Amino acid sequence: MTMIPVVTTVALAMIALAFLLALVRVVRGPSIADRALGADVALSGAVAAIAILTLSAGSEEFVDLVLIATLLGFLATVALSVLVGRRGS
């Protein structure tokens, strides 16, 4: 018996917890920077969950989705940091 299903389940549970805590930060964050950070962490959690599910299924169908979501998350983070930087000065 392999440990891969157990490790996958534990990893997905931890990612789900991080995702929920990030969503709490998005809702309760007092500033735009807190909300942007929470959204970025939530997106990273979703990408990690998709990647783990893709690897555990042994398919390569969602690799493109993971790459595109990661790129969009990076671009959104850069755009929000520019916005927060302009508001701060």
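Residues numbered from 1 in each chain as written. Predicted model: local features only at pLDDT ≥ 70, side-chain atom pairs only at ≥ 80, totals over all residues. Heavy atoms only, no water.

### Side note on the overall build of the protein chain
Applied cut-off: We count a stretch as a helix when DSSP gives it H or I for four or more residues in a row; a strand needs E for two or more, and each element gets its number in order from the N terminus. Throughout, the radius of gyration refers to the C-alpha atoms, and the reference size of a globule is 2.2 Å times the residue count to the power 0.38. By definition in these notes, contact holds between two residues if any of their heavy atoms fall within 4.5 Å. All accessible-area figures derive from a Shrake-Rupley calculation using a 1.4 Å probe, and residue coverage is judged against the displayed protein chains alone. In this tally, Asp and Glu contribute negative charge and Lys and Arg positive charge; neither His nor the terminal groups of the chain are included. The location of each charge is read from NZ of Lys, CZ of Arg, CG of Asp or CD of Glu.
Counting its regular elements, the protein chain contains three helices and zero strands. Counting helices and strands in the order they occur from the N terminus, the protein chain gives α-α-α. For the protein chain, the C-alpha radius of gyration of 16 Å lies well beyond 12 Å, the compact-globule estimate for 89 residues. By its C-alpha atoms, the protein chain is 60 × 25 × 15 Å across when sized along the principal axes. Here the contacts in the protein chain between residues at least 6 apart in sequence split such that 44% fall between residues at least 24 apart. With an accessible surface of roughly 6,500 Å², the protein chain has 75% of that area assigned to carbon and sulfur atoms. The positive charge centre, built from 5 side chains, and the negative charge centre, built from 5, are 24 Å apart in the protein chain.

### Some remarks on the confidence of the model for the protein chain
Spelled out, the test is: Values of pLDDT, ranging from 0 to 100, describe the predictor's confidence in every residue of the model.
When pLDDT is averaged along the protein chain, the result is 89; 97% of the residues meet or exceed 70. Averaged over each element, pLDDT in the protein chain is lowest for helix α3 (residues 63–88) (87) and highest for helix α1 (residues 4–28) (94).

### Thoughts on the environment of L17
The line we're drawing: The buried label applies to any residue whose accessible area, calculated with a 1.4 Å probe on protein chains only, is under 20% of its type's maximum; exposed applies above 50%, and partly exposed to all values in between.
Mapped onto the fold, L17 is located in helix α1. Given the relative accessible area of 51%, L17 is considered exposed. Taking C-alpha positions, L17 is 16 Å from R28, a pair spaced eleven residues apart along the chain.

### As for helix α2 (residues 32–57)
So the rule is basically this: Under the convention used throughout, the expected extent of a helix is 1.5 Å for every residue step, that is, one less than its residue count.
Between its terminal C-alpha atoms α2 stretches 37 Å, which fits the 38 Å expected from 26 residues at 1.5 Å a residue. What α2 keeps buried is the set D34, A36, G38, A42, G45, V47, A49 and T54. Positive phi appears at G58, one or two residues downstream of α2, with a value of about 75°.

### Some words on α1
Given a rise of 1.5 Å per residue, 25 residues ought to cover 36 Å, and the 36 Å separating the end C-alpha atoms of α1 matches this to within 8%. Residues of α1 that are buried include every one of T8, I15 and A22, and no others. Here the buried face of α1 lies against α2.

### Some thoughts on the packing of α1 against α2
Note the cut-off: To obtain an axis, a line is fitted to C-alpha atoms, over the contacting stretch when the element is a helix, and the angle between two such axes runs from 0 to 180 degrees between their N-to-C directions. Orientation labels follow simple angle bins: below 35 degrees gives roughly parallel, above 145 gives roughly antiparallel, 65 to 115 gives roughly perpendicular, and whatever is left gives oblique. Crossings are classed by handedness, with left-handed meaning an anticlockwise turn of the near helix from the far one by less than a right angle and right-handed meaning a clockwise turn. Throughout, the ten residues Ala, Val, Leu, Ile, Met, Phe, Trp, Tyr, Cys and Pro are labelled nonpolar, Asp, Glu, Lys and Arg are labelled charged, and all others, Gly among them, are labelled polar.
As a packed pair, α1 and α2 sit with axes 8 Å apart at the nearest point and diverge in direction by 160°. Comparing the axis directions of α1 and α2 gives the class roughly antiparallel. Regarding α1 and α2, the two cross each other, and that crossing is left-handed. Of the residues contributing to the contact of α1 with α2, the split by class is 17 nonpolar, four polar and three charged.

### A look at a nonpolar patch on the surface
The following threshold applies: Only residues whose relative accessible area exceeds 30% and that form no salt bridge enter a patch; like-charged residues are grouped when within 9 Å of one another, and nonpolar side chains (Val, Leu, Ile, Met, Phe, Trp, Tyr) when within 5 Å. Should a side-chain nitrogen of Lys or Arg be within 4 Å of a carboxyl oxygen of Asp or Glu, the pair is scored as a salt bridge.
A contiguous nonpolar patch, built from I68, L71, L72, F74, L75, V78 and V82 and spanning about 660 Å² of accessible area, is present on the exposed surface. Relative to the helices and strands, L75 resides in helix α3. Given the relative accessible area of 46%, L75 is considered partly exposed.

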